[in-house]
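Observations on chain architecture
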Amino acid sequence: MHYTAQQIASIIEAKIHGEPLGAIQWLVTDTRKIIFPAESLFFALPGPHRNGHTYIQDAFRRGVRSFVVSAGLALPTLEAAVFFIVSNPLRALQQLATFHRKQFQIPVIGVTGSNGKTIVKEWLYQLIQPDITVLRSPKSYNSQLGVPLSVWQLEPIHQLAIFEAGISLPNEMVNLEAIIAPTIGIFTNLGAAHDEGFENRQQKLTEKWQLFRHCQLVIFNSDNAIIKEHASHSTVKWLDWGSSPTAFVQIVNSTTTLNGTDLQLIYAKRKLTLHLPFSDTAAIENAMHCITWCLYQQMPIYTLQVRLQNLQPLEMRLEWKTGIHGSLLLNDCYSHDLSSLQIALDYLQQQAGGRKCMAILSDMEESGLADAALYFRVASMLAAKGVTNLMAIGAKMVPYLAYFKDLNIQVLPFEHTNAFIETLDAHILKDAVVLVKGARSFGFEQIIAFLERQAHRTVLEINMQALGQNFGITKSVLSPTTKVMVMLKAFGYGSADAEIGRWLQFQQADYLAVAYADEGVNLRKGGVSLPIMVMNPAPSTFSLLDEYALEPALFSFEILNSFISFCSRRGVANVPVHIKLDTGMHRLGFSHTEIIDLTQILQESSFLKVQSVFTHLAASENPLADSLTTQQAQSFEASCNLLQQALGYSFLRHAANTAAIFRHPHLHYDMVRLGIGLFGTAKPYGIAKSLIPATAMYTTVAQLKKVAAGKTVGYGCHAVLLRDSVIATVRVGYADGYRRDLGNGVGCMFIHQQPALTVGNVCMDMTMLDVTDLSNVHPGDRVEVFGPNMPLAQLADLCGTIPYELMTGISQRVKRILVEE
Ligand SMILES: *Cc1c(COP(=O)(O)O)cnc(C)c1O
């Protein structure tokens, strides 16, 4: 739907500056996501770190001509642009969405709760979308910003909409309720998420329940007494499910089977059995909300059964995989609509780092869009994101391939998935970043299996959303002018350095740092162009520094002098360097007594340009050592002042690592050095409590064995079994970084959320687990080595070390997978 400039101005009560232009169809808040600039309205949202106003020029360059801006800020002079001036651009965005929502008289389902909102929304969509045209929020767009952007997508074609609403603070829900205006509510559950923002659970529940205040009915699990109690005081009609015989849908029994769960239900006085392809409690809970709605809508039981069977657990997850011929694959084999394509293309572009972007797509589908319009839009989206090659699989796209060619995209058509696998010359993918995205019926898993480099089956997953949240939390405690240097030494704390480097570039980090020159070279080869500091440069690597534009940290006269003679031989000027001071760590750095000599040398070597002066705090995490920290800071400041006077130009000063960022705000200086906090494994101080662990390690069960009491397991015959046992051998050992001191019952892994202790010694490539008391374990099953059930910090405690050592000890043969939830 389009709105004219006059309509928009009156809805958001804006003053117009400039000549109103054509109609608006798209709302954008991030210049990196602009696709159809001429019909887009850019909202310059003020934020704690990045003010949207500073992106107006960028949006203009990309072709946007209409802007919503805050009153009181100077407007840039831009030819033929129109500005809508309002007091609060975010509020204006919400007003626009609220108005848009009112144009539709369709059922709208609002989903809220602590966990499971996105999966309930997705499953509901999968269950009902074959019958009617459904709009759902993309991804987990559930915030004050995400909700209006989701609601804006409503079009006359839609017959039902599902939106999720998430809050972290009191008073936010009323706002979201007004925008979504749900007619039906689903309350997923009440858990610990965002507890810190509320006085207690009751307050959080009351707040969340606000979403339902104008609903006709609300679906929830009445086994939760607090929720049931709350519902009984509200006026809305319920559709509850649970074990109570009075529940609208009663669960009489649930049995775990080989491939999922059988649920025996009573609904409308009738007994029925439904099979779910999952067995974990969370999945059953999520599915029950959906089942309740479908039964209420009188979906035929047979239909419901078939559709439940096809529910996909990982719908929202995109995975990066290392492909053959140096390619990087983005696996998105579950959906084939435009909004998910847009999301995937954003990720593709983030990781491109100067490499070729390609897409392998099946026939696509979008409710309410004819094929010609659909493929025209797909072609524009691919072109806008820099995709140069398309491998088009399926018959429906064939008539429209000219759209792609017109935009300079090379197209290789294939009739079906098998034809692709049999005839593709995979060299075409060399070093490219490739999106693999298709409808489920095309079986693109086969393409992934075909293109993926086969490796060891233990993986380290890095959750990019968690990284994003941790980065955001860190920035929220900094002043807007404080810069952030991210420490990516030791392969990014053992994670995935180049991928994370590219991502940090996209997130606009200011600086990166590595320990050794070759780590910096790796980042450069991966397409990272941010400035990179090398903390431990050796003379033998100086030419690498030069070749790859890496900036050395100089920490002693020896290294300083040899770098100076290297530079003089080359006759270069303006060489960026960093000066490291030792103020109490007693590791590397110039000490305070050496500063005078240092200033003299620097003054004589004016071809060196000191970018920054820094020190490292020895015990910033330890309250008992705060006086040492203060001494370090005083010494640092004194030395910086001397250097400043001598050099006569300004440089960045920095001292704070993760713990200091959160514990010593007065030591942020001009820049901070974020390390382990990015990965969410810092000790919890204040707001740092909300950092989320971003890494998890998984392996698989290789074999199961019944072993009789009295026998031993593993090398050295250490573990004598006291009972007849079932032993699972899993594919991870000390060569992968699972330490040997975690053997003999010290360590614990999780299979299907159930704990299993180690038995016997950890071997080089294998570990044995006691799974006697576990149900439903099979060869090939996924095993959590650390992750949600076994936090890395806890595992580190179990073997007497710190998370840093465990993380960086994960061997390079363990495949890294970046996950976009
Ligand atoms: C590793 C490192 C950091 C980051 O420390 P974290 O505790 O992981 O935040 C900061 N500065 C220097 C010099 C480092 O070596």
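Right, let's walk through the structure included here. Keep in mind that this is a model prediction, so the values were computed, not measured. (Residues numbered from 1 in each chain as written. Predicted model: local features only at pLDDT ≥ 70, side-chain atom pairs only at ≥ 80, totals over all residues. Heavy atoms only, no water.)

One way to put it is that helix H7 (residues 201-209) packs onto helix H8 (residues 225-233) with a least axis distance of 11 Å and a crossing angle of 50 degrees. For the element pair H7 / H8, the angle class is oblique. Considering only the axes of H7 and H8, their crossing is right-handed. Note on element contacts: H8 touches H7 through Ile226, Ile227, His230 and Ala231, opposite Gln202, Leu205, Thr206 and Trp209. (Axes fitted to C-alpha atoms, helices over the stretch in contact; angles between N-to-C directions. Helix = DSSP H or I, 4+ residues; strand = E, 2+ residues; numbered from the N terminus. Parallel < 35°, antiparallel > 145°, perpendicular 65-115°, else oblique. Left-handed = near helix turned anticlockwise from the far one by under 90°. Contact = heavy atoms within 4.5 Å.)

Taken in spatial order, the five strands of this open sheet run S1-S5-S4-S3-S2, and their pairing is mixed. Looking at the sheet topology across the chains shown, the edges are occupied by strand S1 (15-17) and strand S2 (26-28). Looking at each pair of strands side by side, their axes are set apart by 25 degrees on average, direction ignored. Relative to strand S4 (residues 66-70), strand S3 (residues 40-43) runs parallel, the two being bridged by three bridges. Across the sheet, Phe43 pairs through a bridge with Val68, a residue of S4. Where helix H3 (residues 89-102) meets the sheet, its contacts fall on S2, S3, S4 and strand S5 (82-86), and the angle it forms with S3 comes to roughly 140 degrees. (Pairing = 2+ DSSP bridges.)

On to the pattern of salt bridges. Tallied over the entire structure, the rule returns 24 salt bridges. Lys437 is the salt-bridge partner of Asp332, the closest N and O atoms lying 2.6 Å from each other. With a gap of 105 residues between them, Asp332 in strand S16 (residues 328-332) and Lys437 in strand S20 (residues 433-437) connect regions that are remote in the sequence. Lys437 shares its class with Asp332; the two are buried. Put simply, Lys385 and Asp346 hold a salt bridge, and the shortest N to O gap is 2.8 Å. Of this pair, Lys385 sits in the loop between helix H12 (371-384) and strand S18 (387-393) while Asp346 sits in helix H11 (residues 338-352); the two residues are 39 residues apart in sequence, bridging distant segments of the chain. With a relative accessible area of 8%, Asp346 lands in the buried category. Connected through salt bridges with shared partners, the residues Lys121, Glu122, Arg136, Glu164 and Asp337 form a single ionic network. (Salt bridge = Lys/Arg side-chain N within 4 Å of Asp/Glu carboxyl O. Buried < 20%, exposed > 50% of the residue type's maximum accessible area, 1.4 Å probe, protein only.)

We now examine the environment of Gln144. Relative to the elements of secondary structure, Gln144 occurs in the loop between strand S7 (134-136) and helix H5 (146-151). With a relative accessible area of 17%, Gln144 lands in the buried category. The sequence separation of Gln144 and Gly185 amounts to 41 residues, and the corresponding C-alpha distance is 18 Å. Ignoring sequence-local partners within four residues, the contact set of Gln144 consists of Leu90, Gln94, Glu172, Asn175 and Leu176. Reaching out from Gln144, the side chain makes a polar contact with the side chain of Asn175 at a distance of 3.0 Å. (Polar contact = N/O pair within 3.5 Å; in protein donor to acceptor, adjacent residues only side chain to side chain.)

Let us look at the packing of aromatic side chains. Two aromatic rings are characterised by how far apart their centres lie and by the angle between their planes. Overall, the coordinates contain 25 aromatic pairs when judged by the stated rule. Their ring planes at 90 degrees and their centres at 5.6 Å tell us that Phe376 and Tyr403 sit as a pair that is edge-to-face. Taken together, the positions of Phe376 in helix H12 and Tyr403 in helix H13 (residues 401-406) put the pair 27 residues apart, joining distant regions of the chain. For Phe376, a relative accessible area of 47% puts it in the partly exposed group. Residue class for Tyr403 comes out partly exposed when judged on its relative accessible area of 27%. Of the aromatic side chains, those joined through ring pairs into one cluster are Phe187, Trp209, Phe212, Phe220 and Trp238. Over the ring of Phe60 we find Arg65, and its NZ or CZ is 3.8 Å from the ring centre. Across from the ring centre of Tyr698, 3.6 Å away, lies the NZ or CZ of Arg782, which sits over that ring. (Phe/Tyr/Trp six-rings, centres within 6.5 Å; stacked < 30°, edge-to-face > 60°. Lys NZ or Arg CZ within 6 Å of the ring centre and 35° of its normal.)

Attention now goes to H7. Within H7 the residues assigned to the buried category are Lys204, Leu205, Glu207, Lys208 and Trp209. Those residues of H7 hidden inside the fold are in contact with strand S6 (108-112), helix H6 (172-180), strand S9 (184-187), strand S10 (217-221) and H8. At the N-terminal end of H7, a side-chain oxygen is found 3.2 Å from the backbone nitrogen of Gln202, two or three residues along, and the residue is Asn200.

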